[in-house]
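# Per-entry structural report
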Amino acid sequence: LTKFVLLGITGCPFAQIPLFGLLLLLYILTLVGNIGIMVLVWVVPSLHTPMYFFLTQFSLIDICYSTVISPRMLADLLAENKTISFTGCMMQFHGFAFFATAECHLLAIMAYDRYIAIHKPLLYVLIISRHVRRQLVAASYLAAFLSAIVYTGCTFGGSFCGPNIIDHFFCDISPVLKLVCSDTHSSEVVIFIFVAINALGTGTVILLSYICILCTVLRMRLVGSRAKAFNTCASHLVAVSLFYGSIFFMYLQPMSNHGGLDKVASVLYTVITPMLNPLIYSLRNQEVKDALVKCRRKV
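Definitions and limits used
- Residues numbered from 1 in each chain as written.
- Predicted model: local features only at pLDDT ≥ 70, side-chain atom pairs only at ≥ 80, totals over all residues.
- Heavy atoms only, no water.
- UniProt positions renumbered as here; feature names shortened; annotations may be inferred.
- Axes fitted to C-alpha atoms, helices over the stretch in contact; angles between N-to-C directions.
- Helix = DSSP H or I, 4+ residues; strand = E, 2+ residues; numbered from the N terminus.
- Parallel < 35°, antiparallel > 145°, perpendicular 65-115°, else oblique.
- Left-handed = near helix turned anticlockwise from the far one by under 90°.
- Contact = heavy atoms within 4.5 Å.
- Nonpolar A, V, L, I, M, F, W, Y, C, P; charged D, E, K, R; others polar.
- Pairing = 2+ DSSP bridges.
- Disulfide = S-S within 2.5 Å.
- Buried < 20%, exposed > 50% of the residue type's maximum accessible area, 1.4 Å probe, protein only.
- Phe/Tyr/Trp six-rings, centres within 6.5 Å; stacked < 30°, edge-to-face > 60°.
- Lys NZ or Arg CZ within 6 Å of the ring centre and 35° of its normal.
- Core = buried A, V, L, I, M, F, W, Y, C linked by side-chain atoms within 4.5 Å.
- Patch = residues over 30% accessible without salt bridge, like charges linked within 9 Å, V, L, I, M, F, W, Y side chains within 5 Å.
- Areas by Shrake-Rupley, 256 points an atom, 1.4 Å probe, with all protein chains shown as cover.
- Salt bridge = Lys/Arg side-chain N within 4 Å of Asp/Glu carboxyl O.
- Lys, Arg positive; Asp, Glu negative; His and termini not counted.
- Charge placed at Lys NZ, Arg CZ, Asp CG, Glu CD.

For the protein, the name recorded in an unreviewed UniProt entry is Olfactory receptor, with Alectura lathami as its organism. The UniProt entry for the protein carries the following comment under Function (unreviewed entry): "Odorant receptor."

### Focus on the packing of helix H2 (residues 50-78) against helix H5 (residues 130-156)
Contact geometry of H2 with H5 gives a least axis separation of 10 Å together with a crossing angle of 25°. Judged by the inter-axis angle, H2 sits roughly parallel to H5. Crossing of H2 over H5 shows right-handed handedness. Across the interface between the two elements, Pro-50, Phe-53, Phe-54, Gln-57, Leu-60 and Ile-61 from H2 touch Arg-133, Arg-134, Leu-136, Val-137 and Tyr-141 from H5. Grouping the constituent residues of the contact of H2 with H5 by class yields 8 nonpolar, 1 polar and 2 charged.

### Some details on the sheet that holds strand S2 (residues 83-85)
Each strand in a sheet pairs with its neighbour through backbone hydrogen bonds, running either in the same direction (parallel) or in the opposite one (antiparallel). The strand order across the open sheet built from 3 strands is S2-S1-S3, with neighbouring strands paired in mixed fashion. For this open sheet the edge positions go to S2 and strand S3 (165-166), each flanked by a neighbour on one side alone. The sheet contact formed by strand S1 (residues 3-6) and S3 spans 2 bridges and is parallel. Opposite Val-5, over in S3, you have Ile-165 as the bridge partner.

### Quick look at the state of the cysteines
Following the criterion strictly, the structure yields 2 disulfides and no others. Between the sulfur atoms of Cys-89 and its disulfide partner Cys-171 the distance amounts to 1.9 Å. Its S-S torsion of about -125° marks the bond between Cys-89 and Cys-171 as left-handed, since a negative value means left-handed. One end of the pair, Cys-89, is in helix H3 (residues 86-119); the other, Cys-171, is in the loop between S3 and helix H6 (173-177), and 82 residues separate them in sequence. The class for Cys-171 is buried, based on a relative accessible area of 0%. Disulfide pairing is shown between Cys-161 and Cys-181; the S-S distance is 2.1 Å. Taken as a pair, Cys-161 in the loop between H5 and S3 and Cys-181 in the loop between H6 and helix H7 (185-218) lie far apart in primary sequence, 20 residues in all. Residue class for Cys-161 comes out exposed when judged on its relative accessible area of 58%. With its disulfide-bonded cysteines labelled consecutively along the sequence, the protein is connected as 1-3, 2-4. Left without a disulfide partner, Cys-104 is nearest to the cysteine sulfur of Cys-64, which lies 16 Å away.

### Here's the deal with the packing of aromatic side chains
Enumeration over the complete set of coordinates arrives at 20 aromatic pairs. A cation over a ring is seen here: Arg-133 above Phe-53, with NZ or CZ 5.4 Å from the ring centre.

### Overview of the nonpolar core
Core analysis: the biggest nonpolar cluster contains 84 residues, and Phe-4, Phe-96, Phe-156, Cys-171, Tyr-269 and Tyr-281 have the highest contact counts within it. When residues of this core are assigned to their parent elements, the largest contribution, 19 residues, is made by H3. Sequence-distant contacts of Phe-4, defined by excluding residues within four places in its chain, comprise Lys-82, Thr-83, Ile-84, Phe-86, Cys-89, Phe-156, Phe-160, Asn-164, Ile-166 and Leu-179.

### Some thoughts on a positive patch on the surface
A cluster of basic residues, Lys-294, Arg-296, Arg-297 and Lys-298, forms a positive patch at the surface. Within the element layout of this structure, Arg-297 appears in helix H10 (residues 286-298).

### Focus on a nonpolar patch on the surface
A contiguous nonpolar patch, built from Ile-35, Val-39, Trp-42 and Val-43 and spanning about 420 Å² of accessible area, is present on the exposed surface. Note that Ile-35 resides in helix H1 (residues 13-43).

### Comments concerning the UniProt feature "transmembrane region" (unreviewed entry) in the protein
In the numbering adopted here, UniProt assigns the feature "transmembrane region" (unreviewed entry) to residues 20-44, 93-115, 136-160, 189-217, 229-252 and 264-283. Spanning residues 20-44, this segment combines 96% helix with 0% strand, and its end C-alpha atoms are found 36 Å apart. Summarising residues 136-160: 84% helix, 0% strand, and an end-to-end C-alpha distance of 39 Å.

And the structure:
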């Protein structure tokens, strides 16, 4: 095959225009929120800390992650010709797999960073030094790149000799593997193993980090500080649960079990989560609010 046909997010003609408006708004909010956080951290010296360094990397990943999917999805809602070349489909999936995996690793790094900041505040600057945080981010990108190569090779390495219609709004593992004529069992096993290593491994780090954070918070004497920490942890865990829950649903179940809910789960982690992350990780933070107030006064 030289090209595929994407059926898109919906086949109902009357729903395409309203969906286009809604998804375009969400994509614009994603760009504005994440770019705003990056610019704010760059221009405000008080935010030049390890936590906000990781947050800018997180915002950058969300921008790229959403841009790999959303523009094509929006264009297909208005276009009659929804074909995508084989190479274009493969590159879209590789970009998606790279940024999704990098986000998993960066979420684990951010959770570990918060644990060190709360559990060992006096040694925080020494443990999470500039050299260490650059190494952590580089390691997450390297792991994501290698994993994306494996995912792409297993997904597009088979023989495509039959239908070319992908029942999805982007090139994902399950709808593409359904079009492969050769046996895909070994590819599915390899994909499952790598998803389990990346998602379950980073998810375990996040869970253990927040358990340790909550144990430290419970030992705080000030009720106000304890409530503030609980509120922050709860909002972070909601974002993590939304992202990881949809990832687990999509990629840690047999390919034969995939059905109509796949597109809903995919919208959650490709559109909704990148839009909510700036609100949850930044605008609920008092330091970011103070920085915004200072910038507004300067303007």
